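The chain contents come next:
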Amino acid sequence: MEILDGKKVSNEIKEEIKAEVAKMRERGEKVPHLAAIIVGNDGASLTYVGSKVRSCERIGFESTLIQMPSTTSEQELLKKIKELNVDDDIDGFIVQLPLPEQIDTQKVIMAVDPDKDVDGFHPTNFGKMALDMSTFIPATPFGILELLERYKVDTKGKHTVVIGRSHIVGRPMSILMGRKGWPGNSTVTLTHSHTKNITQIISQADIVISALGVPNFLKAEMVKDDAVVIDVGITRVPDETKEKGYYITGDVDFENVCKKASFITPVPGGVGPMTIAMLLKNTLLARERHRSRN
Ligand code: GUN
């Protein structure tokens, strides 16, 4: 069994980007600038966005954090997005999800300029991804592809079972794993809450990608020997004995599943850090595209 060490790989990627940024500075070029909008006070979202912004600073990007109250109207948020769309100093930006219920998420996603959509959520970018065109790939699926690539995991002709059909992870992941090329070329089954015989389907998987958000969902008896197991779940479980009052756990019963898997991602330290690294990579790409247009 080999651990797919997202922490280590994400640090390598950040170092690679940091070196690129240093070269840009030496040449007197503008460095990439990422902005992040967060609406409301959700603890997990604030933590994620905080990590994104801190990572920008560490690698030499410019960053702007825009915090808006939970009472923000849809119109106010759309106005802010329009400002960022035309702000020449900003190369890319994200609107952290989920949004408060008074705001229509689809309208927000549609409002972001596709050229600045470093999350890859806009239909133009999502469509390009599905058509194998060059675009911004959503950071979490992109991070999983990068892990599979760096650890040389064979995906050709394998059966990949994706659990969960969210627009952020499961849906794009199912498309990417079936694309022509590597990592890809696998036969994909996308499972969800209405899937019948889900345990039977999972037991046939060479590669399992679980993006469900249910702690300990995936048990050792559900996976076949030598399966590749990717755990995208990040759930905060309340625990008074911990300093923060909670601990983080994934969808996978790691302790037991790791004995059967050929490759496995831990939580924390697997897919999570990769998401941030790939967002930075997308922002670098956005900067390069921005410069070539101007
Ligand atoms: N919420 C959970 N994951 C993500 C992500 O990758 N991007 C944004 N914008 N919101 C998220």
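Note that the structure is predicted; figures quoted are calculated from it, not measured.

With respect to the nonpolar core
Right, on to step 1. In terms of nonpolar packing, the biggest core is built from 50 residues, with Ile17, Phe61, Ile144, Ile209, Ile230 and Val232 touching the most fellow members.
Right, on to step 2. Sorting elements by how many residues they give to this core places helix 10 (residues 271-293) first, with nine residues.
Right, on to step 3. Ile66, Met68, Leu97 and Val112 belong to the second largest nonpolar core, which has 18 residues in total.

Here we look at the site of the ligand
Right, on to step 1. In the vicinity of the ligand, the residues found are Lys52, Val95, Gln96, Leu97, Asp119 and Phe121.
Right, on to step 2. Within the contact set of the ligand, a nitrogen atom lies 2.8 Å away from a backbone nitrogen or oxygen of Val95.
Right, on to step 3. In this structure, Asp119 approaches the ligand through a side-chain N or O atom, which is 2.6 Å from a nitrogen atom.
Right, on to step 4. Expressed as a share of its isolated accessible area of 280 Å², the protein-covered part of the ligand is 85%.

Description of the UniProt feature "binding site: NADP(+)" (unreviewed entry) in the protein chain
Right, on to step 1. In this numbering, the UniProt entry assigns the feature "binding site: NADP(+)" (unreviewed entry) to Gly164, Arg165, Ser166 and Ile234.
Right, on to step 2. Mapped onto the fold, Arg165 is located in the loop between strand 5 (159-163) and helix 7 (170-178).
Right, on to step 3. With a relative accessible area of 34%, Arg165 lands in the partly exposed category.
Right, on to step 4. Not counting chain neighbours up to four residues away, the residues in contact with Arg165 comprise Gly170, Arg171, Leu190, Thr191, His192, Ser193 and His194.
Right, on to step 5. Polar contacts involving the side chain of Arg165 include one to the side chain of His192, which spans 3.4 Å.
Right, on to step 6. Note that Ser166 resides in the loop between strand 5 and helix 7.
Right, on to step 7. Overall, Ser166 belongs to the partly exposed group, its relative accessible area being 33%.
Right, on to step 8. Apart from the residues within four sequence positions on either side, Ser166 is in contact with Arg171 and Pro172.

Observations regarding the sheet that holds strand 1 (residues 2-3)
Right, on to step 1. Taken together, six strands build an open sheet; the order of strands is 1-11-8-7-5-6 and the sheet is parallel. A strand with exactly one partner marks an edge of an open sheet, and here the two such strands are strand 1 and strand 6 (187-191).
Right, on to step 2. Where strand 5 and strand 6 come together, five bridges link them in parallel fashion. Paired with Val161 across the strands is Thr189, a residue of strand 6.
Right, on to step 3. Contacts from helix 7 reach strand 5, strand 6 and strand 7 (207-210), with the element oriented near 170° to strand 6.

Brief notes about helix 2 (residues 43-59)
Right, on to step 1. In a regular helix each residue adds 1.5 Å, so 17 residues correspond to 24 Å; helix 2 covers 25 Å between its end C-alpha atoms and thus fits that length.
Right, on to step 2. Of the residues making up helix 2, those classed as buried are Ala44, Ser45, Val49, Gly50, Ser51, Lys52, Val53, Ser55, Cys56 and Ile59.
Right, on to step 3. Among the structural elements, helix 1 (6-26), strand 2 (33-39), strand 3 (62-68), strand 4 (92-95), strand 9 (235-238) and helix 10 are those in contact with the buried residues of helix 2.
Right, on to step 4. Of the residues trailing helix 2, Gly60 is marked for its positive phi of about 95°.

Comments concerning the UniProt feature "domain: Tetrahydrofolate dehydrogenase/cyclohydrolase NAD(P)-binding" (unreviewed entry) in the protein chain
Right, on to step 1. According to UniProt, the positions carrying the feature "domain: Tetrahydrofolate dehydrogenase/cyclohydrolase NAD(P)-binding" (unreviewed entry) are residues 138-290.
Right, on to step 2. As a span, residues 138-290 carries 33% helix and 18% strand, and end to end its C-alpha atoms are 19 Å apart.

Thoughts on the sheet that holds strand 3
Right, on to step 1. An order of 3-2-4 is seen for the three strands of this open sheet, with the pairing classed as parallel. Every other strand in the sheet has two partners, leaving strand 3 and strand 4 as the edge strands with one partner each. On average, each strand axis in the sheet is tilted by 15° relative to the strand beside it, whichever way the strands run.
Right, on to step 2. Inspection of the sheet shows strand 2 paired to strand 3 by seven bridges, in the parallel sense. Within strand 3, the position partnered with Ala35 by the bridge is Thr64.
Right, on to step 3. With respect to the sheet, helix 3 (residues 74-86) is in contact with strand 2, strand 3 and strand 4, its orientation differing from that of strand 2 by roughly 180°.

Some details on helix 6 (residues 139-150)
Right, on to step 1. Over its 12 residues, helix 6 runs 16 Å from end to end, which matches the ideal 16 Å to within 8%, given 1.5 Å per residue.
Right, on to step 2. Here helix 6 lies mainly inside the structure; 10 of its 12 residues are buried.
Right, on to step 3. Within helix 6, the full set of buried residues consists of Ala139, Thr140, Pro141, Phe142, Gly143, Ile144, Leu145, Glu146, Leu147 and Leu148.
Right, on to step 4. Residues of helix 6 that are buried sit in contact with helix 1, helix 7, strand 7, strand 8 (228-231) and helix 10.
Right, on to step 5. Lys152 sits one or two residues past helix 6 and shows a positive phi near 55°.

Description of empty space enclosed by the protein
Right, on to step 1. Evaluation of the coordinates by the stated rule reveals one cavity of 30 Å³ or more.
Right, on to step 2. Computed from the structure, the largest cavity encloses a volume of approximately 100 Å³.
Right, on to step 3. What lines the largest cavity is simply Phe93, Ile94, Val95, Leu97, Val108, Ile109, Val112, Asp117, Asp119, Phe121 and His122.
Right, on to step 4. Counting only elements with at least two residues in the lining of the largest cavity, the list comes to strand 4 and helix 4 (105-111).
Right, on to step 5. Top element by residues in the lining of the largest cavity is strand 4. It accounts for three residues.
Right, on to step 6. Grouping the constituent residues of the lining of the largest cavity by class yields eight nonpolar, one polar and two charged.

Rules and cut-offs
- Residues numbered from 1 in each chain as written.
- Predicted model: local features only at pLDDT ≥ 70, side-chain atom pairs only at ≥ 80, totals over all residues.
- Heavy atoms only, no water.
- Core = buried A, V, L, I, M, F, W, Y, C linked by side-chain atoms within 4.5 Å.
- Buried < 20%, exposed > 50% of the residue type's maximum accessible area, 1.4 Å probe, protein only.
- Helix = DSSP H or I, 4+ residues; strand = E, 2+ residues; numbered from the N terminus.
- Near = heavy atom within 4 Å.
- Polar contact = N/O pair within 3.5 Å; in protein donor to acceptor, adjacent residues only side chain to side chain.
- Areas by Shrake-Rupley, 256 points an atom, 1.4 Å probe, with all protein chains shown as cover.
- UniProt positions renumbered as here; feature names shortened; annotations may be inferred.
- Contact = heavy atoms within 4.5 Å.
- Pairing = 2+ DSSP bridges.
- Axes fitted to C-alpha atoms, helices over the stretch in contact; angles between N-to-C directions.
- Expected span 1.5 Å × (residues − 1).
- 1 Å grid on protein atoms, 1.4 Å probe; cavity = no way out; pocket = protein on both sides within 12 Å on 5 of 7 lines; lining within 4 Å.
- Points joined across faces, edges and corners; volume = space filled by probe spheres on them.
- Nonpolar A, V, L, I, M, F, W, Y, C, P; charged D, E, K, R; others polar.

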